[in-house]
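# Breakdown of the fold
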Amino acid sequence: MSSVNYNVLGLIFASMHDSYVSELTKKRTMGSIPFGGRYRLIDFPLSNFVNSGVTEVGVITKANYGSLLDHLGSGRDWDLARKKGGLHLLPPYSQTGGIYKGRLDALGNIWSFVEHSKAQYVILSNCDIVTTIDFNDVLRQHMSTEADITLIYSKALYDSEKNNNATILDFDEDNRVKSVLVDPKISGECNQWLEMLIISKDLLRTIVADAVSKNIYSFTREILQNNNNEYKIMGYEHKDFFVRIDNIQNYYLANKMLLCEDTRKALFKKGLPIYTKVGDNAPTKYGLESNIKNSLIADGCVIEGTVENSVIFRGVKIGKGTVVKDSVIMQGTVIGNDCTISSIITDKNAEISDGKVLKFSETYPLHIDKNGKI
Amino acid sequence: MYTKKKVVAMLLAGGQGSRLYALTKNVAKPAVPYGGKYRLIDFPLSNCTNSGIDTVGVLTQYQPLVLNEYIGNGEPWDLDKMNGGVHVLPPYESQAGASWYEGTANAIYQNMNFIRRYNPEYVVVLGGDHIYKMDYSKMVDFHIKNNADCTISVIDVPLAEASRFGIMICDENNKVMDFVEKPKEPKSTLASMGIYVFSWDKLEKYLIENENDANAKRDRGEAWSKDFGKDIITSMLRDNQRLFAYEFEGYWKDVGTLDSLWEANMDLLSPSVPLDLYDKNWKIYSRSSYMPPQYMGSNAQVENSMIAEGSVVDGSVDFSILFAGVTVEEGATVNYSIVMPNTVIKSGAVVEYAIVGSDCVIEGGTHIGKSPEQVENRDDWGIAVVGHNVTVSSDKSVEPKQIISENI
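To keep things clear, this report deals only with the structure shown in the data block. Note that the structure is predicted; figures quoted are calculated from it, not measured. (Residues numbered from 1 in each chain as written. Chains lettered and ligands numbered in written order. Predicted model: local features only at pLDDT ≥ 70, side-chain atom pairs only at ≥ 80, totals over all residues. Heavy atoms only, no water.)

Quick look at the environment of Lys84 of chain A now. Residue and element names in this part refer to chain A. Along the chain, Lys84 turns up in the loop between helix H2 (66–72) and strand E5 (86–90). Under the relative-accessibility criterion, Lys84 is labelled exposed at 53%. A sequence separation of 28 residues divides Lys84 from Glu56, and the C-alpha atoms of the two residues are 7.6 Å apart. Discounting chain neighbours no more than four positions away, the residues touching Lys84 are Tyr6 and Thr55. (Helix = DSSP H or I, 4+ residues; strand = E, 2+ residues; numbered from the N terminus. Buried < 20%, exposed > 50% of the residue type's maximum accessible area, 1.4 Å probe, protein only. Contact = heavy atoms within 4.5 Å.)

In structure tokens:
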């Protein structure tokens, strides 16, 4: 953990791209989607900020933010219950009425919060791209290249058939952004913007004020795409694991990627812990006939059956004689005895009674709603 | 300004726990790990919070560093309060000079000013080395109902074991008639659990008297002591004060020895033991370690065990408790054992009937402990113990009853 950096303000868009995974965001924001056994998606950007020494963080919400408020509380679990800086929840508020439409619109609405900060730089992040990153390296590059805006990107495979609405960057020989494509119909290796950027507060103020007067709201289209000659927009390559949560299928696969040791090493780095709300659960208890293979399991579970290739969240109960394969079982799910289950996603507190057979394919996993009963 | 509190709890956490040997070399006994993610002190602290007692003084003395850091501001137990909360009370120096705590009664005596600030009606005195879930507020109600001066929590123990405890002899109304410490021929099976409720005015009076008496004896070169059971309770009985025994029913385990620590952990794996750590209405809180969920590998064989976050298991684990961040490699075996945080059991190692401390490395080819069946003479059998931060190198073994605290 680096020392505190009061010169940077972190801003997290908790609701950006909620609609991509509408199954999971009926009653929550993108940021509060459970992920990886014990986390919510917002834990990754929040921990990235905290681990980079950024202790002043604003979370911009939109709708459905009850579960997000419950998760974040005072920010204490991220060490962000601070007198200087700390965590600030910024609920939707629009001067023009209605809910904001894009990043610029949202920033206009919360500008007084940004203005109040003493930080010179602002880092923006979404919640729908999961990665672990140290922003200090990005900031150093941003300053040494005297960039106006530095976009964080990764070079990786992309397939518009399977992914959703990515922003693809092309650079000139000086690593300056040459072109910006939004949701192109392509497949193959390309430079994907991770929807994280650094900008000075002064420039952001100018851009936001200008946007408000012109009634434009999309940062990606209006600033990155249409104005990329006006500003010095540079790229910072993040050469590490990331995954997009851009539809329910990819959400399912992203969880399963955690069963791979390399993924866990990339996301859960030594010295860069991912913080989350403390659950005060007992350790997980395995029964006399339990059989667990290749699975990630959180605290507070009681498992008496067989679990393979699955991610099991906190406080899940799996009965005797039950076999769970290739599934993502969220917090508090209770699965009875003698069930046979493969490729399902159960949302929080779902219940599956004794003897049920639910066999689906990894291509189309079944999703069971929060509190759903089968 | 301090708000008056009805009840203040004083937790005696200075114990060395000398019979836990290697496990308490650098930590006080209440900080000894238990049950996969807890330390012993989590039980009394969580019981206080769940009983509505929000003001707790923790008296520390022996090796306080880990314990102090662990308690911190008390936030994990909800004891970070504007008024009250948890306060660590180490021995201190005053104008009259500095002195260590000279017994359990003296420890409270030296901190009477802490208690006086809250002007309580009742003081609950607790130990830091027992595993149990108890609603102290019910005991306080019992104390009030009996118009008692002191109430002592007791548990019915088998007659054969009674001589290990402080035994209360009571009348039919649970009024304590006599108290005998470790009697050879016990006249009752009601054992003191070391949990007391005192009316504060009475406790204050007897603490001062005991202090003056003991100091006078010391000046005269006589034997003296400043202990709760031996001195305060005995004096109160002598003066015909109203002492009552509060019978506790439920799981209670003293973890004073390595064998009892091992047993208390194994109890968690027994379906017949009534200590439910999964009860949402009486959670046992602890300081969290911020580790990812546990990962069970493709070669893992895990049965009848409790495993905490951050552990990675690719070997065989049966009837065992693994704390946070433990690694059991493919081809390693852990049976009937307790493995404390961040320890690595390497491929080819066998750990059975053992307690392995935190941050150890058990290399391949080692054998720690044996099952009772593998030992010819049953008296030679006992738990094998590896202390904290120890490396056991290849082909070494640790025999039953053996305790190691240095690398071998």
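Bring the parts together and some accessible area is lost; that lost area is often taken as the interface size. Counting residues at the interface gives 38 residues for chain A and 36 residues for chain B. Here chain A packs against chain B, burying approximately 3000 Å² in sum over the two surfaces, 50% of which is carbon and sulfur. The largest per-residue losses of area from chain A upon contact with chain B belong to Asp280, Pro283 and Tyr286 of chain A, which jointly make up 21% of the total buried on that side. Our count for the chain A to chain B interface comes out at three salt bridges. (Buried area = accessible area lost by both parts, 1.4 Å probe. Salt bridge = Lys/Arg side-chain N within 4 Å of Asp/Glu carboxyl O.)

Time to look at the pairing of strand E12 (residues 233–237) of chain A. Residues and elements named next belong to chain A. Counting buried residues along E12, four of its five residues qualify, which places the element largely inside the surrounding structure. Two elements, strand E8 (residues 149–159) and E12, share five bridges in a ladder whose sense is parallel. Across the sheet, the residue bridging to Thr150 is Met234, located in E12. (Pairing = 2+ DSSP bridges.)

Turning next to helix H8 (residues 248–257) of chain A. Residues and elements named next belong to chain A. When you tally the buried positions in H8, you get seven out of 10 residues, the bulk of the element. Taken together, the buried positions of H8 are Ile248, Asn250, Tyr251, Tyr252, Ala254, Asn255 and Lys256. If you follow the buried residues of H8, they end up packed against strand E2 (34–35), strand E13 (242–244), strand E19 (311–312), strand E22 (328–329), strand E25 (344–346) and strand E28 (366–368). By the N-cap criterion, in which a side-chain oxygen at the helix start approaches the backbone nitrogen of a residue two or three places on, H8 is capped by Asn247, the distance to Gln249 being 3.1 Å. (Polar contact = N/O pair within 3.5 Å; in protein donor to acceptor, adjacent residues only side chain to side chain.)

We now examine empty space enclosed by the protein. If you walk through the whole model with that rule in mind, you get three cavities of 30 Å³ or more. Quantified by volume, the largest cavity comes out at close to 60 Å³. Around the largest cavity, the lining residues are Arg38, Val278, Gly279, Asp280, Asn281, Asp299 and Arg314 of chain A together with Lys37, Ser288 and Glu309 of chain B. Of the pockets and cavities examined, the second largest cavity occupies roughly 40 Å³. Around the second largest cavity sit His17, Tyr20, Asp128, Ile129, Asn164, Asn165, Glu195, Arg244 and Asp246 of chain A, which together line it. Broken down by class, the residue content of the lining of the second largest cavity amounts to two nonpolar, three polar and four charged. (1 Å grid on protein atoms, 1.4 Å probe; cavity = no way out; pocket = protein on both sides within 12 Å on 5 of 7 lines; lining within 4 Å. Points joined across faces, edges and corners; volume = space filled by probe spheres on them. Nonpolar A, V, L, I, M, F, W, Y, C, P; charged D, E, K, R; others polar.)

This part covers the sheet that holds strand E20 (residues 316–318) of chain B. All names here are of chain B. Ordered in space as E17-E20-E23-E26-E29-E32, the six strands form an open sheet in which the pairing is parallel. Two strands lie at the open edges of the sheet, namely strand E17 (301–303) and strand E32 (397–398), each paired on one side alone. Pairing geometry for strand E29 (residues 367–368) and E32, over two bridges, is parallel. Following the sheet pairing, Ile368 is matched in E32 by Val398.

The next point concerns the nonpolar core. Residues and elements named next belong to chain A. Counting 58 residues, the largest nonpolar core has Phe35, Ile42, Leu46 and Tyr251 as its most contacted members. Summarising the domain contributions, this core has at least three residues from each of domain 1 (8–267) and domain 2 (285–368). Each residue touching Phe35, except ones within four places of it in the same chain, is listed here: Arg40, Leu41, Phe44, Val130, Ile245, Tyr251, Ala254, Asn255, Leu258 and Phe313. (Core = buried A, V, L, I, M, F, W, Y, C linked by side-chain atoms within 4.5 Å. Domains from an automatic or database assignment.)

Residue and element names in this part refer to chain B. Counted as a void, the second largest pocket has a volume near 1400 Å³. Around the second largest pocket sit 40 residues that line it, and Lys29, Thr104, Asp129, His130 and Asp254 are the ones nearest its centre. Among the elements that take part in the lining of the second largest pocket, strand E13 (residues 190–199) stands out by supplying four residues, more than any other. Tallied by class, the residues present in the lining of the second largest pocket amount to 13 nonpolar, 18 polar and nine charged.

The next point concerns the sheet that holds strand E27 (residues 357–359) of chain A. The strands making up a sheet associate through backbone hydrogen bonding, with each pair oriented either parallel or antiparallel. All names here are of chain A. Spatially, five strands are ordered E15-E18-E21-E24-E27 in an open sheet, and the strand pairing comes out parallel. The two strands at the open ends of the sheet, each matched to only one other strand, are strand E15 (291–293) and E27. Strand-to-strand twist in this sheet, taken as the mean axis angle between neighbours without regard to direction, amounts to 10°. Bridge count for strand E21 (residues 323–325) against strand E24 (residues 340–342) is three bridges, and the pairing is parallel. In the sheet register, Val324 faces E24, and the bridge partner there is Ile341. (Axes fitted to C-alpha atoms, helices over the stretch in contact; angles between N-to-C directions.)

Right, let's talk about the pattern of salt bridges for a bit. Following the criterion strictly, the structure yields 37 salt bridges over all chains and no others. Across the pair Arg82 of chain A and Asp79 of chain A runs a salt bridge whose closest N-O atoms are separated by 3.1 Å. We classify Asp79 of chain A as partly exposed; its relative accessible area is 48%. Linking Asp267 of chain B and Lys253 of chain B is a salt bridge whose minimum nitrogen-to-oxygen distance equals 3.8 Å. Of the two residues, Asp267 of chain B sits in helix H8 (residues 258–267) while Lys253 of chain B sits in strand E15 (residues 252–254), which places them 14 residues apart along the sequence. No difference in accessibility class separates Asp267 of chain B from Lys253 of chain B, as the two residues are buried. Salt bridges sharing partners connect three or more residues here, namely Glu102, Glu211, Arg218 and Lys226 of chain B.

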